[in-house]
Amino acid sequence: MRLIVENLACRRSGRRIFSRLSFSLGPGEAMMITGRNGAGKSSLLTLLSGRLKPDAGTIRAEGIGEATLPERLHVVGHRDGLKSALTASENLEFARDLLGHPAASPKAALEALGLPHVARLPVGYLSAGQRRRVALARLLVCRRPLWLLDEPTAALDLASQGVLAAMMGRHRAEGGLVVAATHQALGLEDASELRIEPPPPEEAVTAEEWA
Ligand SMILES: Nc1ncnc2c1ncn2[C@@H]1O[C@H](COP(=O)(O)OP(=O)(O)OP(=O)(O)O)[C@@H](O)[C@H]1O
């Protein structure tokens, strides 16, 4: 698939966060979104995921047939979205059945993330890094071409960062796309960088815009 973004603008609570962002990403390509705290990295991922409407501009995908863009992407965000009372395995089975590929194996996904020993533990008992790895394992059972990752290395030790880098490399080798908001290097070879800069000053926000 190809992701095409043109002249995108984002406004939150009446304040312009960024404007005029354009980029295109094709099979096997990766892009890092960088910028200071509050620049709008997570907001851009939320726009791409379809959970926030752009203030201006367009987001579209080519090569996805009848599917919609949200059906072809998977987000790993700050909130891991895991169900604490379910085991790691059950969380992955749930994700696979709801969003993923019937042939995907939760067991293999947990092994890929180095977590076979926690498969039967409720996720509520796991450490922050272990939970993050279960959230990343969901990428493997959902098998969607576009990965949207928000600070994916948060809470990961060095070994797990290496596992994630290898996982992203395999995904790209199979034609997948990766867009990652990050403050640190992720081991994404030949990735492009989109740095979000503060917008130029604008006139005071009007009451209508706040409404
Ligand atoms: N749900 C929301 N409603 C209103 N404003 C929001 C919301 N979420 C974020 N914002 C605002 O949008 C701006 C951009 O936030 P965002 O989280 O996208 O930045 P970021 O670049 O990801 O920051 P960080 O590096 O700290 O994670 C901030 O000023 C923030 O206060």
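Preceding this paragraph is the structure being described.
Not measured: the values here are computed from a predicted model.

1. Quick notes on the packing of helix α2 (residues 88-99) against helix α4 (residues 128-142)
One can describe the packing of α2 onto α4 by two numbers: an axis separation of 9 Å at closest approach and a directional angle of 35°. Taken as a pair, α2 and α4 cross one another with a handedness that is right-handed. Counted together, Ala88, Asn91, Leu92, Ala95, Arg96 and Leu99 of α2 and Val134, Ala137, Arg138, Val141 and Cys142 of α4 form the full contact between these two elements.

2. With respect to the site of the ligand
Neighbouring the ligand are Arg12, Ser13, Ile17, Gly35, Asn37, Gly38, Ala39, Gly40, Lys41, Ser42, Ser43 and Ala181. The dominant element in the shell around the ligand, judged by the number of residues it contributes, is helix α1 (residues 41-49), at three residues. For the shell around the ligand, a count of residues per class yields three nonpolar, seven polar and two charged.

3. A closer look at the sheet that holds strand β8 (residues 192-195)
Spatially, β5-β6-β7-β3-β8 is the arrangement adopted by the five strands of the open sheet, whose pairing is parallel. Both edges of this open sheet fall to β5 (73-76) and β8, since each of them pairs with a single strand only. Strand-to-strand, the axes of this sheet are offset by a mean angle of 15°, without reference to chain direction. Sheet topology places strand β3 (residues 30-34) next to β8; four bridges connect them, and they run parallel. Its bridge partner lying in β8, Met31 is registered against Ser192. Here α4 sits on the sheet in contact with β5 and β6 (146-150), set at roughly 170° to β5.

4. Section: the environment of Ala9
Assignment of secondary structure puts Ala9 in strand β1 (residues 2-12). Residues Ala9 and Ser19 lie 10 residues apart in sequence; the distance between their C-alpha atoms is 3.8 Å. Residues within four places of Ala9 in sequence aside, it is in contact with Arg16, Phe18, Ser19, Arg20, Pro54, Asp55, Ala56 and Gly57.

5. Quick look at the nonpolar core
In this structure, Val134, Ala137, Leu148, Leu177, Val178, Val179 and Ala180 are the most contacted members of the largest nonpolar core, which totals 53 residues. When residues in this core are grouped by element, the largest group, eight residues, is from α4. Excluding anything up to four places from it in sequence, Val134 contacts Leu82, Ala88, Asn91, Leu115, Val123 and Leu126.

6. Details of α4
Between its first and last C-alpha, α4 extends 22 Å over 15 residues, near the 21 Å set by a 1.5 Å rise per residue. In terms of residue burial, α4 counts as a mostly covered element, since 13 of its 15 residues are buried. A positive backbone phi angle near 50° is found at Arg143, which sits one or two residues after α4.

7. Details of the sheet that holds β1
If you trace the three strands from one edge of the open sheet to the other, you get β2-β1-β4, paired in antiparallel fashion. Strand pairing shows two members of the sheet lacking a second neighbour, β2 (15-25) and β4 (56-62), which therefore form its edges. For this sheet, the mean inter-axis angle between neighbouring strands, taken without regard to orientation, is 15°. Taken together, the seven bridges between β1 and β2 define a ladder with antiparallel strand orientation. Counterpart to Arg12 in the pairing with β2 is Arg15. Packed on one face of the sheet, α1 meets β1, β2 and β4 and runs near 125° to β1.

Thresholds, definitions, all that
- Residues numbered from 1 in each chain as written.
- Predicted model: local features only at pLDDT ≥ 70, side-chain atom pairs only at ≥ 80, totals over all residues.
- Axes fitted to C-alpha atoms, helices over the stretch in contact; angles between N-to-C directions.
- Helix = DSSP H or I, 4+ residues; strand = E, 2+ residues; numbered from the N terminus.
- Left-handed = near helix turned anticlockwise from the far one by under 90°.
- Contact = placed C-beta atoms within 7 Å.
- Near = placed C-beta within 6 Å.
- Nonpolar A, V, L, I, M, F, W, Y, C, P; charged D, E, K, R; others polar.
- Pairing = 2+ DSSP bridges.
- Core = buried A, V, L, I, M, F, W, Y, C linked by C-beta atoms within 7 Å.
- Buried ≥ 20, exposed ≤ 12 C-beta atoms within 10 Å, placed from the backbone.
- Expected span 1.5 Å × (residues − 1).

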